[in-house]
Amino acid sequence: MKIIKNLPLFLLLITSILVYVMDVPSSRYVRPVVDVFFKLLLPIHELRASTVKYVEDTIRTYLLLVEVQKKNMELSKKVEELSLYRSMYESCDVSLKRLSEDLGIPYQVEKYDIVNAQIIGYDQTGRDSFILINKGKVNGIKEGFLVFSGQSLIGVVERAFSNSSRVITVYSERFSIAATLEDYRKNYVYQGGWKEGKLLYAGKEDPLTTDSVVVVRDAKDKLPAFLIGKVYSVAEPSGEFFKDVSVRPMVDIRKLEYVSILRVQP
């Protein structure tokens, strides 16, 4: 009973072996039949390949549209928030102008010369020591201009070309700038580094903790204060006059697509 049941498989195996040994497809009698068979199947294979490609492209496009829709929703929320903040600012501005007129105190709002730029290149070593932006000398960019995003300091323009610029960031060991604390007006020097920078010339009596925020602020308060980072660790080496202070920058360079340049020398 088992032999009869497996007989078709056995005959198929024998036939396959005979076809292979006798090289039947190469026979001048069988070859035309094989060619016709393949010609009939070729359009089916082409249709299958084109269908698979169409489905893959459709799925890829759908996922891209979903991602774009999410970003559009996020941007719409940010635009609404900015519109609200602008309305609040304009209301405060009007109130301050009226108050200054009543008190006879001059009121003047500083207007900053800002250029927005797109990031076109990152540090390939992964240390985020520099970025490349798509604005340069033709846009009025010069070496030394501050580069920021929101309230966070990104770095300074190190080299300005015709249509692009190289910016060294707060993670670069070649980056240094005069800095202070958010709640303590004493001048220090921030020295960049990966993944932490250093706050130099911090005396032993200075009230530095791991909650201290390091900022860049000009002496005349004409420029806005930009955040560099938070104090990560404070150590007091024996026999040293200054504390060993590490600062971890707040900004995540890789998440940025656009930055702003303040066209004023700090």
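Just so you know, these numbers come straight off a predicted model, no measurement behind them. (Residues numbered from 1 in each chain as written. Predicted model: local features only at pLDDT ≥ 70, side-chain atom pairs only at ≥ 80, totals over all residues. Heavy atoms only, no water.)

Caption draft 1: Spatial organisation of a nonpolar patch on the surface. On the surface, Y54, V55, I59, Y62 and L63 cluster together into a nonpolar patch covering about 570 Å² of accessible area. Here Y62 shows up in helix α3 (residues 31-103). Using a relative accessible area of 55% as the deciding quantity, one classes Y62 as exposed. (Patch = residues over 30% accessible without salt bridge, like charges linked within 9 Å, V, L, I, M, F, W, Y side chains within 5 Å. Areas by Shrake-Rupley, 256 points an atom, 1.4 Å probe, with all protein chains shown as cover. Salt bridge = Lys/Arg side-chain N within 4 Å of Asp/Glu carboxyl O. Helix = DSSP H or I, 4+ residues; strand = E, 2+ residues; numbered from the N terminus. Buried < 20%, exposed > 50% of the residue type's maximum accessible area, 1.4 Å probe, protein only.)

Caption draft 2: The layout of surface pockets, seen in detail. Estimates place the volume of the largest pocket at around 450 Å³. Considering the residues around the largest pocket, the lining is formed by K71, E74, L75, K78, V79, E81, L82, Y85, L256, E257 and Y258. Per-element tally for the lining of the largest pocket: the top contributor is α3, with eight residues. Looking at the lining of the largest pocket residue by residue, the classes come out as six nonpolar, no polar and five charged. (1 Å grid on protein atoms, 1.4 Å probe; cavity = no way out; pocket = protein on both sides within 12 Å on 5 of 7 lines; lining within 4 Å. Points joined across faces, edges and corners; volume = space filled by probe spheres on them. Nonpolar A, V, L, I, M, F, W, Y, C, P; charged D, E, K, R; others polar.)

Caption draft 3: Structural detail: the pattern of salt bridges. Under the criterion given, the structure shown has 11 salt bridges. With its nearest N and O atoms 3.0 Å apart, the salt bridge here joins K186 to D206. With a gap of 20 residues between them, K186 in strand β7 (residues 184-191) and D206 in the loop between β8 (197-200) and β9 (213-216) connect regions that are remote in the sequence. Assessed through its relative accessible area of 2%, D206 is described here as buried. Each of K53, D57 and R60 takes part in a single network of salt bridges with overlapping partners.

All we've got here are geometric facts, nothing functional implied.
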